[in-house]
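Coordinate inspection notes
Take a look at the letters that make up each chain.
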Amino acid sequence: MHLSKNLDENINLLKETFPLNKSFDLITRDLYLGETKAFFLAINGFIKADLLQRLFSDLQNPLYTKDLHIDDLETYMNAKIGYAQVSLCNDPDKIIKDVLSGPSVLFIDGFDYALLIDARTYPARGIEEPDTEKVTRGAKDGFVETLLFNTNLIRRRIRNPKLTFSMKTIGSDSKTDVAIAYIDGIIDEELLEKLNKKLDSLDVTSLTMGSRSLEELLVKKRLFNPLPSFHVTERPDVACSYLLEGHMVIIVDNSPGVLILPCTIFEFTQSPEDYYKSTASGNYVRFIRFVSSILSLLLLPLFLLLATYADILPKELHVLTTQEIAPFKLFIYVLFIEFGLDLFNYSSSHAASGFSNSLGIIGGLIISDIAIELKWASLEVIFYGAATLLLTLSLSSIEFGEAIRIYRIFLVFLTGFFKIYGFVAGLILIIISVITTPVFGGKSYFWPLYPFNWKALKTLLFRYPTPKAQPSKIWKEK
């Protein structure tokens, strides 16, 4: 289907498609370019009104437009329209999609082509540091909800002519713009082809929750696989570092978080903070993060297990608890603290800024004291619960920390009901769950540990000085 050369027929097509007389934000104008009739359509708020006003003022100025009749539309566009982002189009579906995305359209009588004028602008918040990925030093900018801004933040850091942004449209209703960023020449071409085929085959109405919805569409996970299959970041410097290592970055319009793939479990133990510190400090912080990820999983279940068998343990291990509490009662205490601290963490993170600090500190102290007085918890349980919360918050990835929490609660339940047998069985099931975590493209979740690649693994385990930490061809072996 193509446009008609009759302007009235094209206007009727627009009236059938758009609620022109009902929706206040649809701007239409009947124009005359010399003696030639024209019709303009745009969405209010998506266009640079001052730029279009100057453009149409010139087109309708008899001193500027000497020709009263337009004979060749392409010649007219090239000679009379000085704005750079103007193109011809005769596909109604593409015109409708573009208008809904921001560009405006100008129909001219006698031509079966329309002029698409990309003078769009979007409402957007300022570029600022992400709250969940703060660093003490380094860049303070972060991705926002506007796709073009996000591509500019990447292009500003990587001035490689091979840097490519491939555009897709997902969702029959939302028609969400999705960009795949990669550097041609170092990207895994096979994985890129798989991603393109997967995106083209998605049959959905919309990406309701932006990049999060796209995650679940690209990799279908089962309930027993809580670990993230994508590394999500809102920091341009982090995204650029992965691009230079041969990864792909998926940018979803209206989402500040970008997806990095392929993903491995070792990526969740790193943080940009490691590289904004000295080499020694960065290695120390990374070591703390490795230990924290293990302790955040095992500390509370181990305390519950060892306190249950306190009467048969050596005296050296009695430091874990100073009170003799019945095993089932201790289990209830641990559950109360586990869910109570999660509730505090959730409430303080979603409370207004004026209340979050007082809620987290003062509220925690008061409720902990009352819980001990009412014998809903013991001092030791509160201590180990608070230590577990600190260990979880030290992890650089929120999604990874939440997965560890799910594993920990599962392990606490099995330990509470089945003691040592439940603890061992829980650890085995958790290991199976981690091993079977799906990754896009069938890649290994444990690369470069499996398949083993020591050159790549040591750069993940240790923070190397900048001259030795430059991306190399070893990352293409994923």
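Because the structure is predicted, anything quoted here is derived from the model rather than measured.

Rules used in this analysis
- All chains use their own residue numbering, which begins from 1 and follows the written sequence.
- Reporting of local features is limited, given that this is a predicted model, to residues whose pLDDT is at least 70; pairs of side-chain atoms are given and counted only at 80 or more, and all residues count toward the totals for whole chains, interfaces and linings.
- Each side-chain value is worked out from all heavy atoms of the structure, with water and hydrogens disregarded.
- The pairing test for Phe, Tyr and Trp rings, Trp by its six-membered ring, is centres within 6.5 Å, and the orientation test on the planes gives stacked under 30 degrees, edge-to-face over 60, and tilted for anything in between.
- Numbered from the N terminus, helices here are DSSP runs of H or I no shorter than four residues, and strands are runs of E no shorter than two.
- Classification of residues uses two cut-offs on accessible area relative to the type maximum, computed with a 1.4 Å probe and protein chains only: under 20% is buried, over 50% is exposed, and between them is partly exposed.
- Any two residues having at least one pair of non-hydrogen atoms within 4.5 Å are treated as being in contact.
- The arc in question is the one spanned by the directions pointing from the helix axis to the C-beta atoms.
- Here a strand pair is declared whenever DSSP counts at least two bridges between the two strands.

**Describing the packing of aromatic side chains**
Summed over all chains, the structure comprises nine aromatic pairs. Pairing F331 with F417 gives two aromatic rings, centres 5.2 Å apart and planes at 70°, and the pair type is edge-to-face. With a gap of 86 residues between them, F331 in helix α11 (residues 327-350) and F417 in helix α14 (residues 398-435) connect regions that are remote in the sequence. A relative accessible area of 2% means that F331 is categorised as buried. For F417, a relative accessible area of 52% puts it in the exposed group. Here Y445 and F446 contribute two aromatic rings whose centre-to-centre distance is 6.0 Å and whose plane-to-plane angle is 85°, an arrangement assigned as edge-to-face. Given the relative accessible area of 3%, Y445 is considered buried. Relative accessible area serves as the criterion here: at 22%, F446 is assigned to the partly exposed category. Here the aromatic cluster, defined as three or more aromatic residues joined through ring pairs, consists of F328, F331, F413, F417 and F418.

**Considerations on the environment of F440**
Residue placement: F440 occurs in the loop between α14 and α15 (454-461). Using a relative accessible area of 7% as the deciding quantity, one classes F440 as buried. Sequence separation of F440 and F230 is 210 residues, and the distance between their C-alpha atoms is 8.3 Å. Discounting chain neighbours no more than four positions away, the residues touching F440 are L191, K194, L195, K198, L218, V219, F230 and L261.

**Quick look at helix α5 (residues 147-157)**
Those residues of α5 that fall on the buried side of the exposure criterion are L147, N150, T151, L153 and I154. Take α5 and look down its axis: the buried residues cluster within an arc of 155°, on one side only. Looking at α5, the residues exposed on the side facing more than 90 degrees away from the buried face are L148 and R156. Looking at the packing, one finds that the buried side of α5 touches β6 (163-170), β7 (176-183), α8 (236-244) and β9 (248-252).

**Overview of the pairing of strand β2 (residues 36-43)**
Here β2 lies mainly inside the structure; seven of its eight residues are buried. Both strand β1 (residues 26-33) and β2 contribute to a ladder of eight bridges, which runs antiparallel. When the bridges of β2 are listed, Y32 appears paired with K37. Connecting β1 to the next strand, β2, in antiparallel fashion are two residues, including G34 with a positive phi near 70°. Judged from the four bridges that link them, β2 and strand β4 (residues 104-108) form a sheet pairing that is antiparallel. Considered in β4, the bridge of F39 is made with F107.

**As for helix α4 (residues 92-101)**
Turning to α4, its buried residues are P92, I95, I96, D98, V99 and S101. Next to the buried residues of α4 lie α1 (7-17), β2, β3 (86-89), β4 and β5 (114-117). One or two residues past the end of α4 sits G102, with phi positive at roughly 140°.

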